[in-house]
Amino acid sequence: MRLLVVEDDPLIARSLHQALTPLGNTVEGFASHAEAGAALRHDSFDLILLDLGLPDGDGLTLLGELRERGDTTPVLILTARDGIDDRVRGLDLGADDYLAKPFSLAELEARVRALLRRSQQRSDNRLRLGALCFDPALGVASLNDEALELPRRELCLLEDLLLHAGSITPREMLENRLFGFGVVGSNALEVYISRLRKRLKDSGLRIRTFRGLGYRLEEERE
Ligand code: CA
């Protein structure tokens, strides 16, 4: 998933990055209202973590602008422990949840998972499409209720494709997830896609290639 962190305190921003990246997310961060606002006008994210006290404005203004445009990206606001007014205003403006500082990383992770789940209208953390299921808490994938023994990169790939099932997962996102941000051979990703295709043979699911864009996990129809 692609997360946006808007936080001007470098220590908190860093701990958010460190906590969220290993969960398989790509985390982008901005420290000001202006930068975050510009990013949000051009780009879409799966979740926004929003600090309210920014050096050049109030995070609530950013939230208001977002909702005014009809953007329904889930927003988790980060507030001071005693900032009850902010919390109420934030929720009124369309924030989905809040986290009071200082927060524990376990609480952060749980809130983020719950918001992502809610935004995808899933009732539990498991991702499913047809006969395929992935449990992110256990890191286990199964096909027709039988565990799939997958090496780490194939498992990451499967998880990302399932998270975006029915829509295209951008190629760049998959490459960053699998290989980090280093230089990647042009067909490195294809190697893993083709391994996964073999495993999904006769499962009723397929991975379609969209040239220059990415891949889509979908159900085969007829
Ligand atoms: Ca702040």
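For every chain, the first residue of the written sequence is number 1, and numbering continues from 1 along that sequence. Selection of residues for local features in this predicted model requires a pLDDT of at least 70, selection of side-chain atom pairs for listing and counting requires 80 or more, and totals for whole chains, interfaces and linings are taken over all residues. Heavy atoms from the whole structure form the basis of all side-chain values; hydrogens and water molecules are not counted.

The name recorded for the protein chain in an unreviewed UniProt entry is Response regulator, from Billgrantia bachuensis.

Asker: Honestly, the environment of Glu35 in this entry has me stumped. Any pointers?
Answerer: Secondary structure elements follow DSSP: runs of H or I no shorter than four residues count as helices, runs of E no shorter than two count as strands, and numbering proceeds from the N terminus. One can find Glu35 in helix α2 (residues 33–42). Relative accessibility under 20% of the residue-type maximum defines a buried residue, over 50% an exposed one, and the middle range a partly exposed one, all with a 1.4 Å probe and only protein chains included. By relative accessible area, which is 42% here, Glu35 ends up partly exposed.

Asker: Could you clarify how one ought to interpret the pattern of salt bridges in this entry?
Answerer: Charged atoms that come close allow side chains of opposite charge to pair. One side-chain nitrogen of Lys or Arg within 4 Å of one carboxyl oxygen of Asp or Glu is enough to make a salt bridge. Counted under the stated rule, the structure contains 18 salt bridges. A salt bridge links Arg111 to Asp97; the shortest N-O distance between them is 3.0 Å. On the criterion of sequence distance, the pair formed by Arg111 in helix α5 (residues 105–119) and Asp97 in strand β7 (residues 97–101) is long-range, its members being 14 residues apart. With its nearest N and O atoms 3.1 Å apart, the salt bridge here joins Glu159 to Arg177. Of this pair, Glu159 sits in helix α6 (residues 152–163) while Arg177 is found in helix α7 (residues 171–179), placing the two residues 18 residues apart along the sequence. A relative accessible area of 11% places Glu159 in the buried class. Arg177 sits in the buried class, given a relative accessible area of 19%. A single salt-bridge network, built from bridges that share partners, covers Arg206, Arg208, Arg216 and Glu218.

Asker: Would you take a moment to explain the layout of surface pockets for this structure?
Answerer: Left-over empty space is what a probe sized like a water molecule reveals as it rolls over the atoms. Using a 1 Å grid laid over the protein atoms alone, points where a 1.4 Å probe fits but cannot get out form a cavity; open sets with protein on both sides within 12 Å along at least 5 of 7 lines form a pocket; any residue with an atom within 4 Å of a point counts as lining. Grid points are joined across faces, edges and corners, and a volume is the space filled by probe spheres set on the points. For the second largest pocket, the calculated volume is near 280 Å³. Around the second largest pocket, the lining is made up of 13 residues, and of these Arg2, Glu28, Ser44, Pro170 and Met173 lie nearest the centre. Elements supplying a minimum of two residues to the lining of the second largest pocket: β2 (26–30) and α7. No other element matches α7, which puts 3 residues into the lining of the second largest pocket. Both of domain 1 (2–119) and domain 2 (127–219) provide at least three residues apiece to the lining of the second largest pocket. For every domain, the bounds stem from an assignment made automatically or drawn from a database.

Asker: I tried to follow the packing of aromatic side chains on my own but got confused; where do I start?
Answerer: What describes a pair of aromatic rings is the distance from one ring centre to the other and the angle between the planes of the rings. Geometry of aromatic contacts follows a simple scheme: Phe, Tyr and Trp rings, the Trp one being its six-membered ring, pair when their centres are within 6.5 Å, and the pair is stacked under 30 degrees between planes, edge-to-face over 60, tilted otherwise. One pass over the full model with this rule turns up 1 aromatic pair. Here Arg195 stacks its cationic end above the ring of Tyr192, 4.9 Å away from the centre of that ring. The criterion is that NZ of a Lys, or CZ of an Arg, lies within 6 Å of the ring centre and within 35 degrees of the ring normal, and then a charge sits over that ring.

Asker: Explanation requested: the domain arrangement of the protein chain in the structure shown.
Answerer: Once the domains are mapped, the protein chain shows domain 1 (2–119) and domain 2 (127–219). Tallying the contact residues gives 5 residues for domain 1 and 6 residues for domain 2. Buried area: the accessible surface (1.4 Å probe) lost by two parts on joining, summed over both. Each partner contributes to the roughly 340 Å² buried at the junction of domain 1 and domain 2, and carbon and sulfur atoms together form 54% of this total. Remark: the boundary between domain 1 and domain 2 carries 0 salt bridges. Here a polar contact is recorded for every N or O atom pair within 3.5 Å, except that within protein the pair must consist of a potential hydrogen donor and a potential acceptor, and residues adjacent in sequence are included only if both atoms are side-chain atoms. Where domain 1 packs against domain 2, one counts 0 residue pairs in polar contact (both at pLDDT 80 or more). For this classification, Asp, Glu, Lys and Arg are treated as charged, while Ala, Val, Leu, Ile, Met, Phe, Trp, Tyr, Cys and Pro are nonpolar and the rest, including Gly, are polar. Taken together, the residues of the side of domain 1 that touches domain 2 sort by class into 1 nonpolar, 2 polar and 2 charged. Whether two residues are in contact is decided by their heavy atoms, any of which lying within 4.5 Å being enough.

Asker: Explain the coordination of the calcium ion here, please?
Answerer: Note on metal geometry: ideal angles are 109.5 degrees for four donors arranged tetrahedrally and 90 or 180 degrees for six donors arranged octahedrally. Within the protein, the calcium ion binds to Asp8 (OD), Asp51 (OD) and Gly53 (O); these donor distances fall in the range 2.2 to 2.4 Å. If you list the donors of the calcium ion from N- to C-terminus, the spacing comes out as D-x42-D-x1-G. Here the residue Asp8 occupies a position in the loop between β1 (2–6) and α1 (10–20), and Gly53 occupies one in strand β4 (residues 53–54), the gap between them amounting to 45 residues. With relative accessibility at 32%, the residue Asp8 sits in the partly exposed group. Of the residues examined, Gly53 reaches a relative accessible area of 48% and is grouped as partly exposed. Here the coordinating atoms are restricted to nitrogen, oxygen and sulfur within 2.8 Å of the metal centre, or 3.2 Å for Na, K and Ca, and because water is not among them the sites may look incomplete.

Asker: What am I meant to see in the packing of α1 against α5 here?
Answerer: Any two packed helices are characterised by how steeply their axes cross, that is the angle between the axes, and by the distance between the axes. The convention used is that axes are lines fitted to C-alpha atoms, helices contributing only their stretch in contact, and that angles between N-to-C directions extend from 0 to 180 degrees. Interhelical geometry of α1 versus α5 gives an angle of 60 degrees and a closest axis separation of 10 Å. The way α1 lies across α5 gives a crossing that is right-handed. Along its contact with α1, which presents Ser15, Leu16, Ala19 and Leu20, the element α5 presents Leu105, Leu108, Glu109 and Val112. Residue composition of the contact of α1 with α5, grouped by class: 6 nonpolar, 1 polar and 1 charged. Each crossing gets its handedness from the near helix: less than a right angle anticlockwise from the far helix is left-handed, clockwise is right-handed.

Asker: I tried to follow α2 on my own but got confused; where do I start?
Answerer: Because each turn of an α-helix spans 3.6 residues, side chains separated by three or four positions end up pointing in the same direction. Among all positions of α2, only His33, Ala36, Gly37, Ala39 and Leu40 are buried. Along α2, the residues classed as buried sweep out an arc of 165 degrees about the axis, all on the same side. In α2, the exposed residues that point more than 90 degrees away from the buried face are Arg41 and His42. Buried residues along α2 sit in contact with β1, β2, β3 (47–51), β4, β5 (57–58) and α3 (59–68). Taking the helix axis as origin, the arc is that swept by the directions to the C-beta atoms.

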